[in-house]
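Report on the structure
What follows is each chain in one-letter form.
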4 protein chains.
Amino acid sequence: MTEEWETKITKVTPNELLIRGYPLDELIGSITFASGIFLIIRGELPSLREEKVIDAILVSSIDHGVTAPSAVAARTVASCGVPITTAMGTGILAIGDYHGGAGEKCFKFLKETLQKKKNDQSLQNLVATVVQAAREQKIRIPGFGHRYHTQDPRTMKLLKIADQEKISGVYVNLAQLIAKELSYQSQKSLPLNVDGAIGAILADMGFEASTAKAFFAISRIAGLTAHILEEYTQRPVRTIIPSEAKYTGNPKRNLA
Amino acid sequence: MTEEWETKITKVTPNELLIRGYPLDELIGSITFASGIFLIIRGELPSLREEKVIDAILVSSIDHGVTAPSAVAARTVASCGVPITTAMGTGILAIGDYHGGAGEKCFKFLKETLQKKKNDQSLQNLVATVVQAAREQKIRIPGFGHRYHTQDPRTMKLLKIADQEKISGVYVNLAQLIAKELSYQSQKSLPLNVDGAIGAILADMGFEASTAKAFFAISRIAGLTAHILEEYTQRPVRTIIPSEAKYTGNPKRNLA
Amino acid sequence: MTEEWETKITKVTPNELLIRGYPLDELIGSITFASGIFLIIRGELPSLREEKVIDAILVSSIDHGVTAPSAVAARTVASCGVPITTAMGTGILAIGDYHGGAGEKCFKFLKETLQKKKNDQSLQNLVATVVQAAREQKIRIPGFGHRYHTQDPRTMKLLKIADQEKISGVYVNLAQLIAKELSYQSQKSLPLNVDGAIGAILADMGFEASTAKAFFAISRIAGLTAHILEEYTQRPVRTIIPSEAKYTGNPKRNLA
Amino acid sequence: MTEEWETKITKVTPNELLIRGYPLDELIGSITFASGIFLIIRGELPSLREEKVIDAILVSSIDHGVTAPSAVAARTVASCGVPITTAMGTGILAIGDYHGGAGEKCFKFLKETLQKKKNDQSLQNLVATVVQAAREQKIRIPGFGHRYHTQDPRTMKLLKIADQEKISGVYVNLAQLIAKELSYQSQKSLPLNVDGAIGAILADMGFEASTAKAFFAISRIAGLTAHILEEYTQRPVRTIIPSEAKYTGNPKRNLA
């Protein structure tokens, strides 16, 4: 017998599609795309407050310019003469532990940190201990600081909306205490970055950790599409001029 | 000198990100994700009517169950123990000429058909000629009929919204005339399918043809994410039982 | 300044290509493809014995039928109407921890096991301890046993060649002691499988662990190509019939 | 009933694998990887002459330095923290019409050209006509000239081996006549390039056109692997410095 394909997501019968139970034609025109994304991943429609925050998260990661590695990869591949979906898929493949991955790692770090909290311990004391331990072991806490922005405008706006919509909870609180403590102990500004903020907010919303990378990818595919369409208007084959590469390998030699 | 990376999409400077000119932190919380997608691809924010239609398009393609080839590919790859973004990218790679590709082909067909119209020719006469020619050459007009649904509920709802929002124009009209003529000449129901409807609507909105495949991919990545997360809860390595495959090749032989 | 691209692999100047120092036109016609693969990855040409073993490894993983998950993914994507390289890339993406990944994990396990060996401890005693610990913690040692083959003909042939060519060393020896001990302690046959054998042989050849997955992929891309070409001769869009999927989600419900 | 998976490539039964009929364990140690590649794609083992030429083709495309777009894409993605097979797959996705794709296009052009030959027409006359027509329509004949090398050492060596092994036939001959005519009519050197040579040789060997791209990918995956392993030794996240990108889009503006 062939592998069985069992699913709780979508029921397909002739002339009817149920998405998490709802007829798709009822959803079309009634809900926003952000609500649809929330529904299909979580199984239930978002509240208005949740919808507002998911929209904010999805808008916040939509693009980071032509120099982001996913844009570089997608445009390079697009310039080689492949279909638009091959180039879009390539951009998604570039999202990994070091690009769009800090949200998932921050999410997990916050969960693990909270689990370490002893009954009579204050959150502030927990944070001080955890930050000190990380500094002593020279471990970089994921989700704090940014290689390019010192005060990321996206983070501040996202956190403001999560607060306003009463979505912020223990994980956002914990993340902000860590940011403060990190800056205090290291004597340099290491604010929560946009990926970290998204990780903390998704944790407070009850998502699982891997969705942080997934929401980043769902958001960024829009920016990647724009980049690929722009690349298609340019001359084919984006390459670095060979003379620009620095060769540090074996000098010329001949076969014996 | 290295290849120059020039772009009209996003400007990145320290602590400021401009998306098509707008500060990203201003957009967060102010616009929906669907508007953000429209903005980054088109360069301008959508009108309220355009936003409504884009949301409808994006919701309409969000999933077609576990048996769609992109879901099969994404889940199969996810079951092999790869990161979520590798599996998401794989699903996008499956979107091609025969899966999610009919929208782009229908879009192009409608454009080409309209260009053939002679000054004194009625649209109805044009359509009759084109359908007859396709039937004589046994060419299947892309975007009509569905292998599984005879009356696709998504199509009817999408077209209703496009009409209500006054987005439907010459291409939607042309597509519906073709559907009627196809059914008349072939004596069987060949209605506009969901991909065809999206192609026609995007043509009326002024997008370019390849965006039909792109919008399908942007929408479907949400469903693929749900499928991959569901797959991760199951036992690894989805394979067909080898005895199920039918071998029709060379009988056993030995090296000389 | 733009990211510098520094490399020890290939030097490109007008009308001259040096692969690890050797002029490429000298290599063409003088070395086999397997030697070329060894050279470009390792930096030096293989000995005749090494070449023989690398050829054996590369032939051994060339295909495992239409039912392997990488073949399922590649053929499914190919059937959607994408270019051959998009489908080939898809097949490679399916190679992960649970498909073609046991070689790398076995390689690492063997290295770690040997590092645990105390000075006065016999290899046999080390193996007995390690196997017992794994069984107590219900950890499956990677590279032993196969879901389908009980006596994998590939493994026996590979190990025979590695022995004949005097490539087998401490890691192959260790792997075989583990197999014997596993079968003894569990009272069922858990022989070294083909991935495990390749991991052990590559360890003895001085490669690094991640090359086990890479050699699998380099080998399997040949089989994937054959599958994709075969798929292109068939009717487009490979899907599972929707009625075959088992829906276990929410019953039908309507929007409030 | 679920889609049937029928295949002529590999038969898998417990403890036996037949590749195109041959027991895989018999092939291991008896044939080279290049022969295995030929066998699985063509269905029959190569002659010694065919094997020599396939090895030459596979060695010739093994790498073109860090600046080739497939290497740029694969290394960029690898630097983002993804598994080795995700990065290898990405490199393969970059192989398209404008990168590694000239062989397939040249192959098709040669086939189409020969089909146009009238019974009493000399090959030289056919070539003169075809080259003139292409020049008048400003169509670039695929497979001739190289953006970087004026005298590609790979091409000359490949053609020499194909001649020596008596593999060169009508298509190699035709390709060389076209190169001569192109240079004569355009008064500049437009020699057959390496992709064109491979296309012509594969045509003479009886392969189908799409295998030109496939052989390029099978060969290049070795170089890509070396590049990815090298990239893993470097600092994560390869990006272009944002200030290097040139923004030519909308000036800053605010939401209404």
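These figures come from a predicted structure and were not determined experimentally. (Residues numbered from 1 in each chain as written. Chains lettered and ligands numbered in written order. Predicted model: local features only at pLDDT ≥ 70, side-chain atom pairs only at ≥ 80, totals over all residues. Heavy atoms only, no water.)

Here we come to the packing of aromatic side chains. In this structure the tally under the stated criterion is ten aromatic pairs over all chains. Plain terms: the ring middles of F38 of chain D and F207 of chain D are 5.4 Å apart, the flat faces sit at 85° to each other, and that makes the pair edge-to-face. One end of the pair, F38 of chain D, is in helix α2 (residues 33-42); the other, F207 of chain D, is in the loop between α10 (194-205) and α11 (211-232), and 169 residues separate them in sequence. Comparing F38 of chain D with F207 of chain D shows no difference in burial state: the two are buried. Note on F207 of chain D and F215 of chain D: the rings are 5.2 Å apart at their centroids and 85° apart in plane angle, and the pair reads as edge-to-face. We note that F207 of chain D, like F215 of chain D, is buried. In this arrangement the basic side chain of R238 of chain A is found over the ring face of W5 of chain B, its NZ or CZ atom lying 3.8 Å from the centre. (Phe/Tyr/Trp six-rings, centres within 6.5 Å; stacked < 30°, edge-to-face > 60°. Helix = DSSP H or I, 4+ residues; strand = E, 2+ residues; numbered from the N terminus. Buried < 20%, exposed > 50% of the residue type's maximum accessible area, 1.4 Å probe, protein only. Lys NZ or Arg CZ within 6 Å of the ring centre and 35° of its normal.)

The subject of this paragraph is the relation of the copies chain A and chain B. For the match of chain A to chain B, the screw axis carries a shift of 0.0 Å, the RMSD comes to 0.0 Å, and the turn is 180°. With respect to symmetry, the two chain copies, as superposed, fit the operation of a two-fold axis. When C-alpha distances to the rotation axis are compared across chain A, the minimum falls at G89 of chain A, with a value of 2.1 Å. Taken together, the interface assignments show that 100% of the residues at the interface of chain A recur at the interface of chain B, consistent with an identical surface on both copies. (Least-squares fit on C-alpha atoms with pLDDT ≥ 70 in both. Contact = heavy atoms within 4.5 Å.)

Turning our eyes to something else, we now look at the domain arrangement of chain A. Segmentation of chain A into domains returns domain 1 (9-46) and domain 2 (102-204). Spacing between the C-alpha centres of domain 1 of chain A and domain 2 of chain A amounts to 34 Å. (Domains from an automatic or database assignment.)

Residue and element names in this part refer to chain B. Spatially, the three strands line up as an open sheet ordered β2-β3-β4, and their pairing is antiparallel. The open sheet terminates on both sides in strands that have one partner only, identified here as β2 (10-13) and β4 (22-23). Bridge analysis of β2 against strand β3 (residues 16-19) gives four bridges, and the strand direction is antiparallel. Bridge pairing in β3 links V12 to L17. (Pairing = 2+ DSSP bridges.)

On to the interface of chain D and chain C, then. Taken together, the contact pairs 87 residues of chain D with 87 residues of chain C. Carbon and sulfur atoms supply 69% of the area that chain D and chain C bury against each other, a total of about 7,400 Å² over both sides. Where chain D packs against chain C, one counts zero salt bridges. One can count 20 residue pairs in polar contact (both at pLDDT 80 or more) joining chain D with chain C. (Buried area = accessible area lost by both parts, 1.4 Å probe. Salt bridge = Lys/Arg side-chain N within 4 Å of Asp/Glu carboxyl O. Polar contact = N/O pair within 3.5 Å; in protein donor to acceptor, adjacent residues only side chain to side chain.)

Another point: the sheet that holds strand β2 (residues 10-13) of chain A. An order of β2-β3-β4 (chain A) is seen for the three strands of this open sheet, with the pairing classed as antiparallel. Each edge of the open sheet carries a strand with a single partner, namely β2 and β4 (22-23) of chain A.

The two copies are related by a screw operation: chain D maps onto chain C through 180° of rotation and 0.0 Å of translation along the axis, at an RMSD of 0.0 Å. Both copies share a contact surface, since 100% of the interface residues of chain D are interface residues in chain C too.

It is worth spelling out helix α6 (residues 102-116) of chain D at this point. Residue and element names in this part refer to chain D. For α6, with 15 residues, the first-to-last C-alpha span of 21 Å sits near the 21 Å given by 1.5 Å per residue. Listed as buried for α6 are A102, G103, E104, C106, F107, F109, L110 and T113. Of the surrounding elements, those touching the buried residues of α6 are α7 (123-136), α9 (170-186), α10 and α11. (Expected span 1.5 Å × (residues − 1).)

All names here are of chain D. Two elements in contact, α2 and helix α3 (residues 48-60), have axes whose closest approach is 9 Å; the angle formed by their N-to-C orientations is 100°. With respect to each other, α2 and α3 are oriented roughly perpendicular. Contacts between α2 and α3 pair A34, S35, I37 and F38 from the former with E50, E51, I54, D55 and L58 from the latter. A per-class count over the contact of α2 with α3 returns five nonpolar, one polar and three charged. (Axes fitted to C-alpha atoms, helices over the stretch in contact; angles between N-to-C directions. Parallel < 35°, antiparallel > 145°, perpendicular 65-115°, else oblique. Nonpolar A, V, L, I, M, F, W, Y, C, P; charged D, E, K, R; others polar.)

Another aspect to go through is the pattern of salt bridges. Applying the stated rule across the entire model yields 40 salt bridges over all chains. Ionic pairing is found between K252 of chain D and E16 of chain B, a salt bridge with its closest N-O pair at 2.6 Å. With K252 of chain D in the segment after β5 (246-247) and E16 of chain B in strand β3, this pair bridges two chains. For E231 of chain C, the salt bridge is made with R238 of chain C, and the minimal N-O distance between the two is 3.0 Å. Pair check on accessibility: E231 of chain C and R238 of chain C agree, each one buried. Each member of the salt-bridge network shares a partner with another, and the members are R75, E230, E231 and R238 of chain A.

Turning our eyes to something else, we now look at the interface of chain A and chain B. If you look at the interface, chain A gives 87 residues, while chain B gives 87 residues. Carbon and sulfur atoms make up 69% of the surface buried where chain A meets chain B, a total of about 7,400 Å² over both sides. On the chain A side of the interface with chain B, the three residues burying the most area are W5, I28 and F33 of chain A, jointly 12% of the side's total. In this assembly, chain A and chain B are joined by zero salt bridges. One can count 20 residue pairs in polar contact (both at pLDDT 80 or more) joining chain A with chain B. No other element matches helix α11 (residues 211-232) of chain A, which puts 14 residues into the side of chain A that touches chain B.

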